[in-house]
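One-letter residues, chain by chain:
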Amino acid sequence: MIEYGLLGEKLGHSFSPQIHKALADYDYRLLPTPRTAVEELFRRREFKGLNVTIPYKRTVIPLCDEVDPRAAAIGAVNTVVNRGGKLTGYNTDIDGLIYLAKRAGVDMAGKKVVILGSGGTSRTARAAAQELGAAEIVVVSRIGEDNYENIFRHADAGVLINTTPVGMFPNCGEAAVSLDGFPRLTGVLDVVYNPLRTALVMEAEGRGIPCSCGLPMLAAQAKRAAELFTGGSIPDARLEAVISDLTVQVRNVVLIGMPGCGKSAVGRRLARRLGREFLDLDALITERAEKPIPDIFAQEGEEAFRALESQIVREAGARTGCVLSTGGGIVTRRENYAPLHQNGVIIHITRDLSLLPTAGRPVSQSTDLHELWRRREPLYRAFADVTIDNNGPLAETVDEAMQAALGGQI
C-alpha cells in the first residue's frame with residue numbers, strides 16, 4: 001500500500017518529498033509511471049493519496065469517482081484522495097497561485113490580467129484571476145486572437161502572469177515579453193522557480209513592481225494537498241518556513257570585492273560550513289583558457305578576458321546551491337549582474353586598501369588602488385545585497401557571510 005506520492009511519467013529531481021515531509025511528515029515518494037500503467041494504478045487503489053503532475057493531470061479525471069468543481073472547471077486534477085475506496089480529484093495548483101499572488105502583494109481585483117501561455121497552468125491562472133476579482137483576463141499564445149505580435153494592445157494590463165517555460169533553466173535570461181509595453185503594471189508573477197528570479201521577475205524587480213517566482217506556489221499547492229490528504233489544517237507559518245528553507249537550499253552565495261580582499265578564503269571556508277560546492281570563477285577562467293589570467297591580459301587584452309569572464313558567469317550563475325567567488329572586476333560589466341542575481345545573494349567583501357596584495361593581478365599592478373577603488377566602489381554597491389568588512393579575523397567574516405547566506409527571502 002502506497003501512502004502518498006507524486007505520479008508522473010518522468011520524475012527527475014523533485015522538491016515534493018522534501019516539502020511534504022516538512023509539512024506533514026508522512027511517507028511520500030516519487031512514482032514515475034508509464035502512461036500504460038496509470039489506469040491499473042487507479043483501478044487497484046492501493047494508495048491513500050496522490051499528487052499528479054505532467055502529463056497526467058487530465059488523464060486521471062475520468063479515473064476518479066468524483067472531481068471537485070474547481071478542478072472540473074480548470075480541466076486538470078493534481079491531487080487525488082482515497083477515502084474508503086472512493087477517489088476524489090482536486091486541483092491545488094489554484095490554491096498555490098492564489099497564495100503566490102497574495103504573498104507577493106499582487107492585487108488582481110478590478111484589473112486586466114494578461115496571462116502568457118495557453119496550457120494547463122494557464123487555465124489554473126485564469127481560474128485564480130477570476131477568484132481574485134480580475135475585471136478582464138487575456139490569454140496570450142503564439143497563435144490565436146491575442147498573440148505576441150499584438151500583445152501591446154493590452155498595454156493597460158495591471159497584472160502579468162507567465163505560465164510558459166520561457167526563462168526556465170537552462171534557458172536563463174530569456175523572457176517572452178519586455179515590460180516596456182506595460183506602463184500600468186502593478187504585479188508580475190512567474191510560475192517558473194528555477195532560476196529563483198527569471199529575466200521577467202528581475203525586470204519587474206528593477207522597476208519596483210511587486211513580483212515573485214513560482215517557488216512559493218509550489219510549496220503552497222503542496223500544503224493544500226497535504227491538508228486534503230490528512231484532513232487537518234497546516235498553519236501558514238509552517239509553509240513560510242518551508243519556503244525559506246527551500247530558498248536557502250537553492251540560492252547561491254556570491255562574493256564580490258576588490259582583488260585580494262579575501263573572497264576566495266571566505267568562500268572556501270563558507271562552502272565547507274554550508275556543505276556546498278565552491279566555485280572560484282578566476283580558476284574556472286584559467287581552466288577554460290588553459291593559461292593564467294596574467295597571460296590572457298598580456299596576450300589577448302582585457303576585453304578578451306572580460307568576454308570570457310562573462311561567459312563563465314552565465315554558466316556558473318545558472319547553477320544552484322553553490323558558493324561563488326568572483327574576480328575583482330566582475331562589476332565592470334553590468335551584464336554580469338543578472339546571472340549572479342538570478343539565483344544568488346551577493347555579498348560585497350571589503351578590506352583596507354593597504355592590506356590588498358597586487359602580485360599576479362594585472363589590473364591592480366597597472367592602476368593605483370585608490371583610483372581603482374574610486375571607480376569600482378559605486379559598482380560594488382550597485383551589485384551587492386550585503387556588505388561585510390574583512391579587516392578582522394577570518395572566522396568573524398565567515399560568520400557574517402553565513403548569516404547573510406541563511407537569511408532573507410525571495
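The structure we're discussing is the one just above.
Procedures and definitions
- Counting starts from 1 at the beginning of each chain's written sequence and moves along it residue by residue.
- Residue-level local features of this predicted model are given only where pLDDT is at least 70; pairs of side-chain atoms are given and counted only at 80 or more, and the full residue set underlies all totals for whole chains, interfaces and linings.
- Only hydrogens and water are set aside; all other atoms, that is, all heavy atoms of the structure, feed into the side-chain values.
- Any residue with an atom within 4 Å of a point lines the site, the site being either a cavity, points on a 1 Å grid over the protein atoms alone where a 1.4 Å probe fits but cannot get out, or a pocket, an open set with protein on both sides within 12 Å along at least 5 of 7 lines.
- Grid points are joined across faces, edges and corners, and a volume is the space filled by probe spheres set on the points.
- Ten residue types, Ala, Val, Leu, Ile, Met, Phe, Trp, Tyr, Cys and Pro, are classed as nonpolar, four, Asp, Glu, Lys and Arg, as charged, and the remainder, Gly among them, as polar.
- Note on pairing: two strands pair once DSSP finds at least 2 bridges between them.
- Elements are defined by DSSP. Helices are runs of H or I of four residues or more, strands are runs of E of two residues or more, and each kind is numbered from the N terminus.
- Angular values range over 0 to 180 degrees, each being the angle between N-to-C directions of two axes fitted as lines to C-alpha atoms, with helices fitted over their stretch in contact.
- Contacts are residue-level and defined by heavy atoms, with any inter-residue pair within 4.5 Å sufficient.
- Each aromatic pair joins two rings of Phe, Tyr and Trp (for Trp, the six-membered one) with centres within 6.5 Å, and gets the label stacked for planes under 30 degrees apart, edge-to-face for over 60, and tilted for any other angle.
- Crossover handedness is defined here as right-handed if the route from the first strand over the helix to the second strand goes clockwise, with the strands pointing away from the viewer.
- We call a set of buried Ala, Val, Leu, Ile, Met, Phe, Trp, Tyr and Cys residues a nonpolar core when their side-chain atoms join them within 4.5 Å.
- Throughout, exposure labels follow a simple rule: accessible area from a 1.4 Å probe, protein chains only, divided by the maximum for the residue type, with under 20% read as buried, over 50% as exposed, and the rest as partly exposed.

Draft legend 1. How the structure looks around empty space enclosed by the protein. Counted by the stated rule, this structure contains one cavity of 30 Å³ or more. For the largest cavity, the calculated volume is near 30 Å³. Of the residues assigned to the lining of the largest cavity, the class counts are five nonpolar, two polar and two charged.

Draft legend 2. Representation of the sheet that holds strand 14 (residues 322–325). Strand order across the open sheet formed by five strands is 13-14-12-15-16, with parallel pairing between neighbours. Of all strands in the sheet, those bounded by a partner on one side alone are strand 13 (277–280) and strand 16 (386–389). Within this sheet the neighbouring strands show an average axis-to-axis angle of 25 degrees, counted without direction. Examined bridge by bridge, strand 12 (residues 252–256) and strand 14 share three bridges and lie parallel to one another. Within strand 14, the position partnered with Leu-255 by the bridge is Ser-325. The strands that helix 9 (residues 263–274) touches are strand 12, strand 13, strand 14 and strand 15 (344–350); relative to strand 13, the one it contacts most, it runs at about 165 degrees.

Draft legend 3. Up close: the packing of aromatic side chains. Throughout the structure, instances matching the rule amount to ten aromatic pairs. A network of ring pairs unites the aromatic residues Tyr-4, Tyr-26, Tyr-28 and Phe-229 as a single cluster.

Draft legend 4. The arrangement of the pairing of strand 2 (residues 28–32) in detail. Two strands pair when backbone bridges link them, and strand 1 (residues 2–8) and strand 2 are joined in this way by five bridges, in the parallel orientation. Bridging from a neighbouring strand, Leu-7 pairs with Leu-31 of strand 2. In this fold, strand 1 hands off to helix 1 (residues 16–24), which returns the chain to strand 2; that crossover is right-handed.

Draft legend 5. Main features of the nonpolar core. Among the nonpolar cores identified, the biggest contains 45 residues, and Val-253, Ile-256, Leu-270, Leu-340 and Ile-347 are the most heavily contacted of them. Beyond its immediate chain neighbours, meaning those up to four positions away, Ile-347 contacts Val-253, Val-254, Leu-255, Ile-256, Val-386, Ile-388, Ala-401 and Ala-404. Of all hydrophobic cores here, the second largest spans 27 residues; its members include Leu-6, Tyr-26, Ala-219 and Ala-222.

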